[in-house]
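Residue strings, one per chain:
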Amino acid sequence: METTKNEQEATHTLWDSTPDMTSSWSAKESEEAKAERAAVCKKLAPPSLAFGLACTCLLYNNTASVAVPLFVLAAAAYILTMMRQAGIAHTKRGTWFCLAVMLLLGVSDCLTDNACIIACNNCGIVLVLLTALLHNYCDDSRWAPGTWFTAMLRCAAESTCCLNDAARDTLCWGRASSSKNRQLLYALAGAAASAPLLALVIALLCSADGRYAAQLGWLADRLDAGAVKPILFFAASALCAYCSTRFLWKRSIAYAVKESRKLPSASVFTALTLFCAVYVSFACSQFTGDAGSTVHHAACAREGFFQLLAVSAINVIVVQAILRHAKDGAALRVLLGVFCACTYLMAASAALRMLRYISYYGALTFLRVLVLWTLAVLVLLLTGQLVQVFRRDFPLFRYGFTVVCLCYLAISFARPDYWIASYNLSHLAQGTESPLQAAADLEQLARDTSCDAAPAFSRYGYLAAQDSRQDFNYGKLLSKKLEGKALTPRTWNFSRAQARSLMDAAPGQVH
């Protein structure tokens, strides 16, 4: 019985099997398993440390500059190297598209100053990177959108559990190394293990003696405590790279394609018929109602937009659920076609309401642009679902992924703050409002928009010297936006550089 157990331990492989996450540090491993851990650490640790160093040099306190596309190139080189180490000789179709999207998102970061766009760009880089990794390490040929979502969550969660593997791999590598490396490893391990308790002891001693606390405070000021943050950033980046790759190398994400449970046809037909009847009656009311009322032009139109946007989103989810869980048939396809046509009417009505609201008040905001963009993306996704109604083998996830990436790149590179400012300034130039209200609107517009809007304000003369009696001074607001945003070779940003150049060229402008 003992021999069988040892044989099983000896044949255990760390590359393709799923480890027991509950195993303790005292669990016994065979010498072969320890040697394999040391080999994994030797292959994975140096590139991960190099990647962590690149992340720190490029991204620390610098997430909107020319350093971001350089980081994307470094990340691409890292993941491609790790794929070759894992035995993936050729990347799957679509990988280079993902890498191109990541690079374009990085380029967009250094072209804009819009904080929301920058945050979405950086989140997009992470999500697209995760998609490319799962696409290459897993068999995703028949994954549904829900499967992709589950796999991403699992990858993010279980990569954290690989911290245990990272520590064990390092210890096994240290024991297999030379005596000098082993002693260095033990010293680092001792420092890391004693750090939490040492911090508690120092805190207790400082509370016990104020003079000792003052001496430590003086020492911290001289040593520049802020230098610890980049070290922590480096450690976190290297560990994240090591643990995520370590998890993917195990190939533990494998979802078998199961036959989904089919809903009764009578239930599906009845539900779709009721939905279609309601939507058709609503569409008829749009043509028979009083379209010229003031209430319809103003607040009611804005409120109705959000309701119709929610209905359109619900319909996209309903169609996807029916495609997955209903039996295919000609009658179902016809009903789904009518349902999708009604959804198109809902989306068109929502868009007209928002455009009418914007035209009535003559004001654009980033949120209004964003919700109109969301509506357009929903329509494109619904079109993909409509194709899948008549072609069940249509790759809906790949279509949706491509549509979302391309549409987001469009709005990311469009610099919406510039167009928002141009539209609103053209409306204010018509002089339909009182001077006091116009000044308040200008102030609000300047505060709501980023440096991307500077060319629009400059074109309308708001960067030139302002009358001392006028409350609004865009130059001063723009100076505050640029405070603390240096334009070094590492932190250079096109939008900020353009705004600073316009300020310097403005005649008589006081900064």
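Residues numbered from 1 in each chain as written. Predicted model: local features only at pLDDT ≥ 70, side-chain atom pairs only at ≥ 80, totals over all residues. Heavy atoms only, no water.

### Concerning the overall build of the protein chain
- When you go through the protein chain residue by residue, the secondary structure sums to 21 helices and 0 strands.
- Restricting to contacts in the protein chain with at least 6 residues of sequence separation, those with at least 24 account for 78%.
- For the protein chain, the exposed surface amounts to about 27600 Å²; the carbon and sulfur share of it is 66%. (Helix = DSSP H or I, 4+ residues; strand = E, 2+ residues; numbered from the N terminus. Contact = heavy atoms within 4.5 Å. Areas by Shrake-Rupley, 256 points an atom, 1.4 Å probe, with all protein chains shown as cover.)

### Describing the confidence of the model for the protein chain
- The share of residues in the protein chain with pLDDT of 70 or more is 81%, and the mean pLDDT across the chain is 80.
- Throughout residues 1–26 the model reports pLDDT below 50, and contacts reaching past four residues in sequence, or to other chains, amount to 36 contacts.
- Contacts from residues 291–296, a stretch scored under 50 in pLDDT, to residues over four places away or in other chains number 9 contacts. (pLDDT = per-residue confidence, 0-100.)

### Comments concerning the nonpolar core
- L134, Y137, F457, Y474 and L478 are the most contacted members of the largest nonpolar core, which has 107 residues in total.
- Looking at this core element by element, the count peaks at 13 residues for helix α14 (residues 330–361).
- With sequence-adjacent residues up to four places away left out, L478 is seen in contact with C451, A454, L463, A499 and M503. (Core = buried A, V, L, I, M, F, W, Y, C linked by side-chain atoms within 4.5 Å. Buried < 20%, exposed > 50% of the residue type's maximum accessible area, 1.4 Å probe, protein only.)

### A few points about the packing of helix α4 (residues 95–109) against helix α16 (residues 396–413)
- Close contact between α4 and α16 brings their axes to 10 Å; oriented N to C, the two are set at 20 degrees. Taken together, the axes of α4 and α16 lie roughly parallel to each other. In terms of crossing hand, the pair formed by α4 and α16 is left-handed. Touching F97, C98, V101, L104, L105, V107 and S108 of α4 are F401, T402, C405, L406, Y408, L409, S412 and F413, all from α16.
- When its residues are assigned to classes, the contact of α4 with α16 shows 12 nonpolar, 3 polar and no charged. (Axes fitted to C-alpha atoms, helices over the stretch in contact; angles between N-to-C directions. Parallel < 35°, antiparallel > 145°, perpendicular 65-115°, else oblique. Left-handed = near helix turned anticlockwise from the far one by under 90°. Nonpolar A, V, L, I, M, F, W, Y, C, P; charged D, E, K, R; others polar.)

### Quick notes on the pattern of salt bridges
- On inspection of all chains with the given rule, the structure shows 11 salt bridges.
- Two residues, R37 and D169, come together in a salt bridge whose shortest N-O distance is 2.8 Å. Within this pair, whereas R37 is found in helix α2 (residues 31–59), its partner D169 is found in helix α7 (residues 163–176), the two being separated by 132 residues in sequence. In this pair, the class of R37 matches that of D169, namely buried.
- The closest approach of N and O atoms between D452 and R415, which form a salt bridge, is 3.7 Å. Separated by 37 residues along the polypeptide, D452 in the loop between α18 (435–448) and α19 (454–459) and R415 in the loop between α16 and α17 (416–428) bring together distant segments of the chain. Here D452 and R415 have matching classes, each one buried.
- Look at the salt bridges and you will find they share partners, linking R37, D165, D169, R246 and K250 into a network. (Salt bridge = Lys/Arg side-chain N within 4 Å of Asp/Glu carboxyl O.)

### Topic: the packing of aromatic side chains
- Across all of its chains, the model carries 16 aromatic pairs by this definition.
- Between F397 and F401, the ring centres sit 6.2 Å apart and the planes meet at 20 degrees, which makes this aromatic pair stacked. Of this pair, F397 and F401 both sit in helix α16, 4 residues apart, which is roughly one turn of the helix.
- Note on F401: relative accessible area 18%, which makes it buried.
- Residues F457 and Y474 carry aromatic rings whose centres are separated by 3.9 Å and whose planes lie at 10 degrees to one another, so their mutual orientation is stacked. One end of the pair, F457, is in helix α19; the other, Y474, is in helix α20 (residues 474–482), and 17 residues separate them in sequence. Each member of the pair, F457 together with Y474, is buried. (Phe/Tyr/Trp six-rings, centres within 6.5 Å; stacked < 30°, edge-to-face > 60°.)

### Thoughts on the packing of helix α6 (residues 145–161) against α7
- Closest axis-to-axis distance for the α6/α7 pair is 4 Å, and the angle between their directions is 40 degrees. Residue-level inspection shows S159, T160 and C161 of α6 in contact with α7, the latter providing L163, N164 and D165.
- Residues of the contact of α6 with α7, tallied by class, amount to 2 nonpolar, 3 polar and 1 charged.

### Overview of a nonpolar patch on the surface
- There is a patch of nonpolar side chains on the surface, built from L197, L200, V201, L204, L205 and Y212 and spanning about 540 Å² of accessible area.
- In terms of residues, the nonpolar patch owes the most to one element, helix α8 (residues 179–208), which gives 5 residues.
- Residue placement: L205 occurs in helix α8.
- On the basis of relative accessible area, L205 is assigned to the partly exposed category, the value being 42%. (Patch = residues over 30% accessible without salt bridge, like charges linked within 9 Å, V, L, I, M, F, W, Y side chains within 5 Å.)

### Quick notes on unusual backbone geometry
- For N61, which is not a glycine, the phi torsion comes out positive at approximately 55 degrees.
- Position of N61 relative to the elements: it lies in the loop between α2 and α3 (67–85).
- A residue is classified by how much of its surface remains accessible, and N61, at 67% relative accessible area, is exposed.
- The phi dihedral of R251 is positive, around 55 degrees, even though this residue is not glycine.
- Along the chain, the position of R251 falls in the loop between α10 (228–249) and α11 (265–288).

### Examining the side chain of N136
- Here N136 shows up in helix α5 (residues 115–137).
- For N136, the side chain forms a polar contact with the side chain of T95, separated by 2.9 Å.
- The residues touching N136, leaving out its near neighbours within four places in the chain, are M83, I88, T91, K92 and T95. (Polar contact = N/O pair within 3.5 Å; in protein donor to acceptor, adjacent residues only side chain to side chain.)

### Comments concerning helix α21 (residues 494–505)
- Spanning 12 residues, α21 covers 16 Å between terminal C-alpha atoms, matching the ideal 16 Å at 1.5 Å per step.
- Every buried residue belonging to α21 is among S495, R496, A497, A499 and M503, and all of these are buried.
- On its buried face, α21 sits against α5, α19 and α20.
- Capping of α21 at its N-terminal end is provided by N493; its side-chain oxygen lies 3.0 Å from the backbone amide nitrogen of S495. (Expected span 1.5 Å × (residues − 1).)

### Here's the deal with α16
- The end-to-end C-alpha separation of α16 is 26 Å, in line with the 26 Å expected for 18 residues at 1.5 Å each.
- Directly beyond the C-terminal end of α16, a positive phi value near 50 degrees is found at R415.

### Re the state of the cysteines
- Counted under the stated rule, the structure contains 0 disulfides.
- Lacking any disulfide linkage, C123 is separated from the closest cysteine sulfur, that of C120, by 6.5 Å.
- For C240, which is in no disulfide, the shortest distance to another cysteine sulfur is to C243 and amounts to 7.7 Å.
- On the basis of relative accessible area, C240 is assigned to the exposed category, the value being 53%. (Disulfide = S-S within 2.5 Å.)

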